Amino acid sequence: MADEVILLDFCISMFGMRVRIALAEKGINYEYKEQDILMNKSDLLLKMNPVHKKIPVLIHNNNPVCESSIIVQYIDEVWNDKNPLMPSDPYERAQARFWVDYIDKKLYENSSRTWTTKGEEQEAAQKEFIDHFKLLEQQLGNKPYFGGDSFGFVDVSLISFYCWFYAWEKVGNFSIGESCPKLIEWAKRCMERDSVAKSLQDEKTIYEFLLEYKKSLGIE
Ligand code: GS8
């Protein structure tokens, strides 16, 4: 019997986009179920991710897998016949996990401070945010992808942030791209992949969402 694969997701989520990219890299057909995570979480989401109650959740033959970086690694292990995403060397694998952890802990955690704060606090938050990207750019070096010649785990995990740049830059009135030209080149390289191009959300849609979200939080 064919595998049943369902993805609980929210269209503008960078975490959901990671999973969409990984599934596309492997050529997996799946059912996409958009979730209303802000106003009305579905019974299915609460049942499948009772601990965090967050998307994305991959449901593979009725078994839920939660947390985007864990889901991407799961996908790579289960569908291991095509486009490996994790490095085969244990040390390189540990390094890739380290940088994805950095993206989740530093980059993501700081992203909202670039538009929820004001004045000097905002300037400091934006500088720190850019510094995270600069460090990642250094890590990329002159390689085409983070893992070297092939698109892999760190690329999947970071490229989903790229379609948020426009919204962060416009709402926060600052520029990320100016400080990290090599990272932008890398992002454009990644965008040439079908798996990425079809999984990333339109940047204007994200911008509109962020404006509305900001308003809903009562931030001027
Ligand atoms: C983060 C998922 C997450 O923040 C992962 O999967 O990597 N560490 C997790 N999901 C958000 C939407 S995207 O910002 C979510 O589901 N939020 C609902 C809530 O916070 O209640």
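Before any of the text, the structure's been laid out above.
**Student:** Explain the nonpolar core to me, and be specific about the residues and the numbers.
**Tutor:** General note: in soluble globular proteins, nonpolar side chains tend to be found buried as a group. F133, L158, I159, W164, W168 and W186 are the most contacted members of the largest nonpolar core, which totals 68 residues. There are two domains that each give this core at least three residues, and those are domain 1 (5-78) and domain 2 (90-216). Among residues more than four places away in sequence, those in contact with W164 are I12, M14, M17, I206, F209 and L210.

**Student:** Let's hear about empty space enclosed by the protein: which residues, and what values?
**Tutor:** Applying the stated criterion across every chain, the model contains 1 cavity of 30 Å³ or more. When its volume is computed, the largest cavity comes out at roughly 40 Å³. Lining of the largest cavity is provided by F133, L158, F161, Y162, F165, L183, W186 and A187. When contributions to the lining of the largest cavity are tallied by element, the ones reaching two or more residues are helix 7 (153-162) and helix 9 (181-191). Taken together, the residues of the lining of the largest cavity sort by class into 8 nonpolar, no polar and no charged.

**Student:** Kindly report on the pattern of salt bridges, identifying the contributing residues and their values.
**Tutor:** In this structure the tally under the stated criterion is 9 salt bridges. Where D131 meets K127, a salt bridge forms, and the shortest distance between an N and an O atom there is 2.8 Å. Within this pair, D131 and its partner K127 are both found in helix 6 (residues 119-140), separated by 4 residues, close to a single helical turn.

Parameters at a glance
Residues numbered from 1 in each chain as written. Predicted model: local features only at pLDDT ≥ 70, side-chain atom pairs only at ≥ 80, totals over all residues. Heavy atoms only, no water. Core = buried A, V, L, I, M, F, W, Y, C linked by side-chain atoms within 4.5 Å. Buried < 20%, exposed > 50% of the residue type's maximum accessible area, 1.4 Å probe, protein only. Domains from an automatic or database assignment. Contact = heavy atoms within 4.5 Å. 1 Å grid on protein atoms, 1.4 Å probe; cavity = no way out; pocket = protein on both sides within 12 Å on 5 of 7 lines; lining within 4 Å. Points joined across faces, edges and corners; volume = space filled by probe spheres on them. Helix = DSSP H or I, 4+ residues; strand = E, 2+ residues; numbered from the N terminus. Nonpolar A, V, L, I, M, F, W, Y, C, P; charged D, E, K, R; others polar. Salt bridge = Lys/Arg side-chain N within 4 Å of Asp/Glu carboxyl O.

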